[in-house]
Structure formats: C-alpha cells, structure tokens
Amino acid sequence: MSNAARHRITELTNEIRDHQFKYYVLDAPTATDAQFDALLQELKALEAKHPELLEPDSPSLGIGGGFATTFTQHDHIEKMMSLDNVFDNEELTAWFDRVEKESPNPNYLCELKVDGLAINLLYEKGQLTRALTRGNGVTGEDVTLNVKTIKDLPHNLSGKNVPELIEIRGEVFFPVAAFNQLNEELEEAGKQLFANPRNSAAGSLRQKDPRITASRPLSVVVHGVGANQGMAFKSQSDAYAKLKELGAPTSDRFKVCATRAEVVKFIEYYNEHRHDVEHEIDGVVIKVDEIAEQQKLGFTSRAPKWAIAFKYPPEEVTTKLLDVKVSVGRTGRVTPFAFMEPVKVAGSTVTNATLHNQEEIERKGVLIGDTVIIRKAGDVIPEVLGPVLDKRTGKERAFVMPTNCPECASELRAITAGDVDIRCPNTQSCPAQLRERIYYIGSRAALDIDVLGLEAAVALLSDQIITDESDLFALTTQSLTRSEFFTKKDGSTGKNTEKLLAGLENAKTRPLWRIIVALSIRHVGPTAAQSLANNFGSMDAISKASVAELSEIDGLGETIAQSIVEWFAIDWHRQIISKWQSAGVVMQAQAAADLPQTLANLTFVVTGGLDNFTRDSIAEAITAHGGKAASAVSKKTDYVLVGSDPGSKLAKAQELGVKVIDEARFLELLAGRG
C-alpha cells in the first residue's frame, strides 16, 4: 500500500505543480478551482495517512505561484501566508470548534474573498517604495511601476499617524463591467481575449510597459498588514479603520460578527448577491477580529489558524460539447458558439456558450464531442475555457467554419487583411444583421428604448412593418397594428405600441454620442462615440471628416477613423441619418452651457434602481447640469440619491452624515427648485 500511496502522491504533486505553473505563470489555468482544490485535498489526506512520505517541498506545505522570473524578485519583509479553505457548514463548524477551544467567545470579522491577484505594498515613511506579487510567499516579483498606475491606490499615505514602515496586503482586480467592455473591444479588433477578470488583472499587471497597464482600469482593495513599524492595532477591524485613515483603499463590505449564526448569515447573503459586487468573489474570508487572539492562535507552515476562507460552489463546470454552430452579429461578424448538454452554472441552466472565432477554437484545442470546462460570471454569456483531455474517446472531431452565411447564404469572408474574424458582407439585408442592429438600437448601450427588444425586432421585420432601421422613427400606431406583438387579441392597440412609440419619441433627444453608438459603426463604441460628439458637435460634421481629421482625435486612431469614413460613404447608411433626422432625431450635441446648471458644484452618488433613469442616463443628467457623478461615498459627497434596493452606499452615507435624497427630490434639484 505504501508503494501505491507513494506513486499517487508523486502523481498528485506533479499535477498540482503543473496547474500552479499554468495559473501563476501562464495566466491560463486548465483546471477549475474546484478541481484544483480536490487534488490538493487528496494529497493532504494521503500525506496525513502516510506522514513518512511527506516531502519538505510538497505543494501542501507551500503557497504556490513562485515560478515567474520576468521581473526582479525581492523577499517580503514578512512572509505572505495563504489561507486554508472550507467548503460547507460542517467544515466551517469544525474550524469554529478549533478556534474557540483556544480562544473562547471571539468576535469574527467577515469580508469578501476577492478573486484577483495578491499584492504586497511596502510604504516607507509614508511613500510607496515597492509593490510585490505574492510569489511563493517568501519572494515576489517587483511590479511597482505598474501598480503605481492604479488610480485609487495612493503613492503616499496621508493622515497624522503615518508609520515608519508598513507592508499593506491586498488584491488587485479587474472590475467585471470593465472586463466585459475590454473583451468586447478585443473581440471586435480580432485580438486574443482574456478568459476571466482574474486573468485580465494578472495579464495587465505583468506588462513590461507600464503605459499598457495604465490603459487598463485596474483597482485594488487592501485586507491586511505584514511588517509594521509605528502602528498598533487592537483588532482586524481597527486595522481597517486606521488603514482607511491613511488613505488606503479598504472595503466597506465587511462585518464584525459576535456569533457563528451571524457569520453564516453573512456568507449566505453574499452567496445570493455575489454578482451585485463590482469585482468577482469566490467566497468569504472569516478572521478572528482581536489581534491578541490571533497571536494566541498562531500559524501553520502556510496559513494562519485564526482565519479561514469559505469557498462558494464553483462557477466553472464541465459538460458535453454536442456541436459548434455559428451566429451572425450586427456588424456581420460570424461567431461560433458551443451547443452543449444542459448544465447549471452561476445559478442558471445553460446550453450555449461563446467560442469567439475559429482561431480561438484552435488555440483552446476544442473538438466537437469533447467534455469541456465552461464558465459564467454574472450576466456574461457563458464561455468555453477548454477541453478535459482525459475524457477524450477518439470519436471527437474538429469544427470547420462554414463558407456561407447561415441566414442569407452570402459567401463569408474576412473584410480586412489579417482579420481573424469572417463576416457576412450582406450588411444591408442579411436578416440576422438587421435583427441584431435593431435590437441593439433599443438596448441600454445605445438608445434605451422600452419594448424594443429582440422579440420586437423580429416582429417588426417579419411582419414587414419596417425594411431596416431607417424606418424606426417613422412608426405609427396604425402601422404597428399589422403585428400581433403590438396589438391585443381583439386587434386594438396594445401596451407594447404605446410604450414603443413613447420610447422612440424620448430617444429622439438622446445625446449625440448615443445616436452614433446606435448606428452600429464597426469599432465605434461608447468611448469613441463620445470623442466624436465632443470634437465635432454634429453628425453632419462627422460625416464630412477625413481619415486624417478623425485620426487626430484622442482615442480614435486610423483603424476607427477608416471605419467611420467607409460607413458614411455608403448610400443606405446616409439614408438612415436622413430619415432619422426628418423624423426629429437630434443630430447635434447639446452643449452643457445650453442647459441650466442647476447642479453646479454638487457631487452625487447613486445607489439602487430609479424609475426615470438608467445607470447611464442618471450620470448624464447630473453632469449635463453641472454636477459630478461619483462612484463612492465620501465626506465630499453632497447627496446620495437612493432608489429601490440600495446597496452599502446608503449605510456609508448615514455613517458619514451625508444627505440622503429620493428620486422625487432629485428631480426638484434638477429643475432648479432647490
């Protein structure tokens, strides 16, 4: 049995180290967190049963991640420990029992386990002098210049009691919304995509050129202290309060709990609301709050005994890839997607997942018939990460991209040289492109028109109420009666008709940049559209601009400029502009000075859902009337606007004494009735 155990330990050790290398060095993991944890747990169990086989360099004793050699390596002043994990209430109870045997009646601090990249920030005399990755826990990589590009991280600590030296530990992360936008931009440009926000944070932080890192909206949250000269903390929560006073980016999402039941309630709450957080989380960290009790409990070789990570069920699962099909998007791009056996992930059952393009399929090595790993974060479309090679039978087959459009039969081709994407060139009348463009016009990303969703787009086209998007703003009650979607059973006008026409009327006065976005010009998203609106001021001026003039605009570049010129050179595109303008759509930017500056010099933070505004439109309303729309509550905040289901910002406002208002009061301020 000892030989069998030795053989299995060797297998597990090699497999775990391989996964660690792919995770920490290549930023391209091939195993899910749950699969990795299972391997590590099996290794620990075998070593416990056969202690004579425990090697001093076993992965069960180490931290992992000490492989990279790209950047200069330095030792941490104080070792960066890892955390032990529990996966259910039974294991958590066992940890509680161990803690309370040595430390009766402790307070527990609960906080979110950010799924990012661990970082150690060294401040000397208040100045950030070095930032290191975790590495192997003893030695990390120097990423100081890149870390200094993170906007919410202070280069110098502030306050009255700045310590002589302090190592502040934290997590660098990529906000989920920004990650989704980045991948959309990379996909549109035909570049390789990031697998998940954690990989995008790691990849962004490990750029040799700090300017590339600076272009990525990384953020950081701190959650601990290493070496420390000149500060004393009574508790973990006291440490967070003092770090906050120093200007360090602490989280408001923690709670000190007096009982086990309160801890469990915190865990259950964020398991249900994990996608309401701006960054990804994979669990909750529970720490004994009192520092004296932490010191009494001590450490193992790799982790503190006074802290544990409760890991949530994995959001990466495996299923069978039955087929690879293709869809056609609003700009003609043909995107392969996986058709799979139904599987539950992130709280919902899915059958489809994106595969992006032929090159991505080949890079990931996915074959039809494979068992594949899929992942879903929040409301993001599930994505295939890769195959489980051990499950192959030899019956799998490669996917071959079709040569003709599945909806209009046009021959597919790359539009520009070197483009990894192939497209349907029938932009004017391909049913798929038409449907997707009209659907996009109604989305929040564009004109935010109530009712104009995918079902409405299909009805408008299939019932021949419109030919293309140029007819949208000419819709009438009479024309909509030709479709069952817009009428009641007796043929009279339905609510969908009223809502759609009202939505179209409101959309006519949307900001110019939103009108530009709604046109689905290739490469032109919200950022580029705002630059165009701000620099040219009208659709007419944009349509007449040359590639050289457009390229000079900050944030555009020659590729986007060329795409804009090519779009306006097409007759039926110009007809869309002409028809919309004739129907009353405003094609000029309204200068802020033209609007009453009723909110001048006022800073607002919004939390919760509003009746009259979307997240984007409330920010537009505030800034257009002279105010500032901030994301975090501080003493400088003038008002916190609270809607339905507000988040932690409301509690923060109450704590700081910031004035809280509802939507009705905001509308009064907007109208100048202060």
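Placed above this text is the structure.
Everything numeric in this text was worked out from a predicted model, so none of it was measured.

S.K.: Where do I start with the packing of aromatic side chains in this structure?
M.R.: Each aromatic ring pair is characterised by the separation of its centres together with the angle its planes make. Scanning the entire structure with this criterion turns up 13 aromatic pairs. Residues F266 and Y270 carry aromatic rings whose centres are separated by 5.1 Å and whose planes lie at 50° to one another, so their mutual orientation is tilted. Of this pair, F266 and Y270 both sit in helix α9 (residues 260–272), four residues apart, roughly one helical turn. You'll find F266 and Y270 in the same group, each marked buried. Seen in terms of ring centroids, W567 and F568 are 5.0 Å apart; in terms of plane orientation they differ by 80°. Their pairing is edge-to-face. Using a relative accessible area of 7% as the deciding quantity, one classes F568 as buried. Taken together, W95, F96 and Y108 form an aromatic cluster joined through their ring pairs. Between R330 and the ring centre of Y440, over which it is positioned, the NZ or CZ distance is 3.6 Å.

S.K.: I keep staring at helix α6 (residues 197–205) and nothing clicks. Help me out?
M.R.: Given 3.6 residues to a turn, an α-helix orients residues that are three or four positions apart in the same direction. α6 sits mainly inside the fold: nine of its nine residues count as buried. Buried residues of α6: P197, R198, N199, S200, A201, A202, G203, S204 and L205, and no others.

S.K.: What is the right way to look at the packing of helix α12 (residues 431–442) against helix α13 (residues 454–462) in this model?
M.R.: Each pair of packed helices can be described by the angle between their axes along with the distance between the axes. Taken N-terminus to C-terminus, the directions of α12 and α13 make an angle of 130°; their axes are 8 Å apart at the nearest point. Here α12 lies oblique to α13, going by the angle between them. Considering only the axes of α12 and α13, their crossing is right-handed. Taken together, the residues of α13 that come into contact with α12 (itself represented by L434, R435, E436, I438 and Y439) are L454, A457, V458 and L461. Looking at side-chain class alone, the contact of α12 with α13 contains seven nonpolar, no polar and two charged residues.

S.K.: Got a minute to help me understand the sheet that holds strand β4 (residues 117–124) in this structure?
M.R.: The strands making up a sheet are joined through hydrogen bonds of the backbone, oriented either antiparallel or parallel. Read across the open sheet, the four strands follow the order β5-β4-β7-β8; overall the sheet is antiparallel. Taken across any chain shown, the strands that pair with only one partner, and hence form the sheet edges, are β5 (127–133) and β8 (219–229). Ignoring which end each strand starts from, the neighbouring axes of this sheet average 25° apart. The sheet contact formed by strand β7 (residues 165–173) and β8 spans eight bridges and is antiparallel. Note that in β8 the partner of G170 across the bridge is V222. Strands in contact with α6 are β4 and β7; relative to β4, the strand with the most contacts, it is inclined by about 45°. Here helix α8 (residues 236–245) sits on the sheet and contacts β7 and β8; the angle it forms with β8, its principal contact strand, is near 110°.

S.K.: Explain the side chain of N146 to me, please; I cannot follow it from the model alone.
M.R.: Structurally, N146 can be placed in helix α4 (residues 144–147). In contact with N146, other than residues within four places in its own chain, are S204, L205, R206, Q207, D209, P210 and T213.

S.K.: Before we go on, may I ask you to explain the pattern of salt bridges in this structure?
M.R.: When the charged atoms of two side chains lie near each other, side chains of opposite charge can form a pair. Under the definition given, this model contains 32 salt bridges. Taking the shortest distance from any N to any O, the salt bridge between D37 and K311 comes out at 3.3 Å. Here D37, found in helix α2 (residues 33–49), pairs with K311, found in strand β11 (residues 307–311); they are 274 residues apart in sequence, far enough to count as distant. Judged by its relative accessible area of 11%, D37 falls in the buried class.

S.K.: What is the right way to read the packing of helix α3 (residues 89–102) against α9 from this model?
M.R.: Taken N-terminus to C-terminus, the directions of α3 and α9 make an angle of 145°; their axes are 12 Å apart at the nearest point. Crossing of α3 over α9 shows right-handed handedness. Contacts between α3 and α9 involve L92, T93, F96, D97 and E100 from the first element and R260, V263, V264 and I267 from the second. Of the residues that constitute the contact of α3 with α9, the class distribution is five nonpolar, one polar and three charged.

S.K.: Just to check I follow, could you spell out the sheet that holds β11 for this structure?
M.R.: If you trace the five strands from one edge of the open sheet to the other, you get β2-β11-β10-β3-β9, paired in mixed fashion. Looking at the sheet topology across the chains shown, the edges are occupied by β2 (85–86) and β9 (254–257). Alignment of strand β3 (residues 108–114) against strand β10 (residues 281–288), held across seven bridges, turns out to be antiparallel. Its bridge partner lying in β10, Y108 is registered against V288.

S.K.: Is there a simple way to think about the environment of E15 in this case?
M.R.: The topology assignment puts E15 in helix α1 (residues 2–24). Residue class for E15 comes out partly exposed when judged on its relative accessible area of 31%.

S.K.: How do you make sense of empty space enclosed by the protein when you look at a structure like this?
M.R.: Rolled over the atoms, a probe sized like a water molecule indicates the empty space that remains. Under the definition given, this model contains two cavities of 30 Å³ or more. Reported here for the largest cavity is a volume of approximately 120 Å³. Together, E111, L112, V114, V221, V222, H223, Y240, T250, S251, R253, F254 and H279 line the largest cavity. Here the lining of the largest cavity is built from residues that sort into six nonpolar, four polar and two charged.

Rules of the game
The residue numbering used here restarts from 1 in each chain and proceeds along that chain's sequence as written. A pLDDT threshold of at least 70 governs which residues receive local features in this predicted model, and a stricter bar of 80 or more applies before side-chain atom pairs are shown or counted, although totals over entire chains, interfaces and linings include all residues. Water and hydrogen atoms were dropped before computing side-chain values, which therefore reflect all heavy atoms in the structure. Pairing of aromatic rings covers Phe, Tyr and Trp, the last counted by its six-membered ring, and requires centre-to-centre distances within 6.5 Å; plane angles under 30 degrees mean stacked, over 60 mean edge-to-face, and any other angle means tilted. Under the scheme used here, helices are H or I runs from DSSP no shorter than 4 residues and strands are E runs no shorter than 2 residues, and both carry numbers assigned from the N terminus. With a 1.4 Å probe rolled over the protein chains alone, any residue whose accessible area is under 20% of its type maximum counts as buried; one over 50% counts as exposed, and the rest are partly exposed. Whether a charge sits over a ring comes down to the Lys NZ or Arg CZ being within 6 Å of the ring centre and within 35 degrees of the ring normal. Angles here are taken between N-to-C directions and fall from 0 to 180 degrees, while the axes themselves are lines fitted to C-alpha atoms, restricted in helices to the stretch in contact. Any angle that falls under 35 degrees is termed roughly parallel, while one over 145 is termed roughly antiparallel, one within 65 to 115 roughly perpendicular, and all others oblique. If you view the pair so one helix is near and one far, a crossing is left-handed when the near helix is turned anticlockwise from the far one by less than a right angle, and right-handed when it is turned clockwise. We call two residues in contact whenever any of their non-hydrogen atoms come within 4.5 Å of each other. Ten residue types, Ala, Val, Leu, Ile, Met, Phe, Trp, Tyr, Cys and Pro, are classed as nonpolar, four, Asp, Glu, Lys and Arg, as charged, and the remainder, Gly among them, as polar. Paired strands, in this sense, are two strands between which DSSP finds at least two bridges. For this analysis, a salt bridge means a side-chain nitrogen from Lys or Arg found within 4 Å of a carboxyl oxygen belonging to Asp or Glu. Using a grid of 1 Å spacing that covers the protein atoms alone, one calls a set of points a cavity when a 1.4 Å probe fits there but cannot get out, and a pocket when the set is open and has protein on both sides within 12 Å along at least five of seven lines; lining residues are those with an atom within 4 Å of a point. Grid points are joined across faces, edges and corners, and a volume is the space filled by probe spheres set on the points.

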